[in-house]
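So the chains spell out like this:
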Amino acid sequence: MKFTVAPLVLLLSASSAAAFTLTMGTGNSFGRVFRISTWGESHGGGVGVTVDGCPPRLQLTREEIQKDLDRRRPGQSRITTPRNEADAVEIQSGLTPDGTTIGTPIAMVVRNKDQRSSDYLDNDMKVAYRPSHADATYDAKYGVRAIAGGGRSSARETIGRVAAGAIARKILQKFNNIEVLAYVSKVQDIEAQNVDEDTFTMEDVDSNIVRCPDAESAEKMLERIDEIRKAGNSIGGVVTCVARNVPAGLGSPVFDKLEADLAKACMSIPAAKGFESGDGFSGTLLTGKDHNDEFYIDPETGATRTKTNRSGGIQGGISNGENIVVHVAFKPTSTIGQAQATVTRDGQEVELRGKGRHDPCVLPRAIPMVEAMVALTLVDALMLQQAQCQLFPDEAPEEDRPNPMGTTASRVGGAKEFADAAPSGPISQRVDEE
């Protein structure tokens, strides 16, 4: 066997003065400081994740991770895939016997128990591509694919993300009591009403099988999902995720804006096709005067706050201390029980009717997936912020520092009192930006 290495040698020689990093397993890792790598296929022996960068001395139990996996697992209700998996997590490394993280990689695995590969291999699905599924593109990229269960393109891959996200959730809670909660906000054209993003709880979300905290809207959503499911079809919608108590300052200018990182995180989830931060596309219907979040000083804490939150807690790519709000659109599941026109691997036009066990609507099980990816993004941003901006304490006098900002911030002594009265009219400001 021969290997050609000359081009690589030339590349390394040409850039020897610069740092060079070769990342193996392209596309299977996420994060910079808090970094995860998932592995495994839907019908393989199991799926899992390696978590690197977890802080040491964190108390962590298997039950805390299992709680999130139980919310993700299949077979929960009539509107999810009936595949029967316990999804019992095994922690292989990174903890002491009493459950304390030691700062080294945490490896977790979930064994696959209820694969039915014959649903894929004993019929036309082994040669014909499912329309709008990853079957065709995986084959085009690699020249080979895991036919049974969709391999890595299956939502079963997200087990590793959710397990890692449970650790991220624990870190966020301990750092600043940060909560990350998602809910189904829309199924087709049926939209949730009367959801208070400041107060809704996980118990509210999990109170029905749709996972919408608005009971009346949830009932309408369920009726629509059942109607589509009984017809052998599938349906999509929107998941809204809210992160509370996030401190101001997370995210970086230009390419590493917090909302850009959140967009990549959420758009990497299977079936995700759209992302909005704050008001998103609806904000384009407003004028600047209507869309801007005006500032005020909280009379109790003295902190800088915003009267509205159309920015979704992020301005200039950096968190401002208000609730972070994002919306993720999920398409209808690709595999359906109705006949569709497609082609085979060798280019023959055929008709295919999907078989196997699939979600008629991915939204209820997408909730813990979205929460996990948002939590992972926030932990990574938090650790980056600590590394760059909190390495040395700010020793400037209190009066020379910016006023504390956000829902959990407070100014020593409360709101600052000014000797001079505030101007009676607007302050004139000349702005000269490109």
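Structure first, text after, so check above.
Predicted model only: the values in this text are computed from it and were never measured.

1. Concerning the packing of aromatic side chains
Here is step 1 of the chain: The final tally for this structure, using the stated rule, is two aromatic pairs.
Here is step 2 of the chain: Plain terms: the ring middles of Tyr183 and Phe200 are 5.0 Å apart, the flat faces sit at 75° to each other, and that makes the pair edge-to-face. A residue pair is termed long-range when its members are at least 10 positions apart, and Tyr183 in strand E6 (residues 179–187) and Phe200 in the loop between strand E7 (190–191) and helix H6 (202–205) qualify at 17 residues. The same class applies to Tyr183 and to Phe200, which are both buried.
Here is step 3 of the chain: Sitting above the plane of the Tyr142 ring, Lys141 keeps its charged end 5.5 Å from the centroid.
Here is step 4 of the chain: Between Arg244 and the ring centre of Phe200, over which it is positioned, the NZ or CZ distance is 4.9 Å.

2. As for the sheet that holds strand E14 (residues 324–330)
Here is step 1 of the chain: Here five strands make up an open sheet; going across it, the order is E7-E6-E8-E14-E9 and the pairing antiparallel. The open sheet has two edge strands, E7 and strand E9 (272–277), and neither has a second partner.
Here is step 2 of the chain: Where E9 meets E14, five bridges bridge the pair, whose relative direction is antiparallel. By the bridge assignment for E14, Glu276 is matched with His327.
Here is step 3 of the chain: Sheet strands in contact with helix H8 (residues 258–267) are E9 and E14, and its direction is about 160° off that of E9.

3. Things to note about the pattern of salt bridges
Opposite charge on two side chains lets them pair, provided their charged atoms get close.
Here is step 1 of the chain: Applying the stated criterion across every chain, the model contains 23 salt bridges.
Here is step 2 of the chain: The salt bridge partner of Arg169 is Glu371, with a shortest N-O separation of 2.8 Å. Taken together, the positions of Arg169 in helix H5 (residues 158–176) and Glu371 in helix H10 (residues 363–389) put the pair 202 residues apart, joining distant regions of the chain.
Here is step 3 of the chain: Judged by its relative accessible area of 1%, Glu371 falls in the buried class.
Here is step 4 of the chain: If you follow the salt bridges from partner to partner, you end up with Asp68, Arg71, Arg169, Asp206, Arg211 and Glu371 in one network.

Conventions we followed
Residues numbered from 1 in each chain as written. Predicted model: local features only at pLDDT ≥ 70, side-chain atom pairs only at ≥ 80, totals over all residues. Heavy atoms only, no water. Phe/Tyr/Trp six-rings, centres within 6.5 Å; stacked < 30°, edge-to-face > 60°. Helix = DSSP H or I, 4+ residues; strand = E, 2+ residues; numbered from the N terminus. Buried < 20%, exposed > 50% of the residue type's maximum accessible area, 1.4 Å probe, protein only. Lys NZ or Arg CZ within 6 Å of the ring centre and 35° of its normal. Pairing = 2+ DSSP bridges. Contact = heavy atoms within 4.5 Å. Axes fitted to C-alpha atoms, helices over the stretch in contact; angles between N-to-C directions. Salt bridge = Lys/Arg side-chain N within 4 Å of Asp/Glu carboxyl O.

Taken by themselves, the reported measurements are silent on function.
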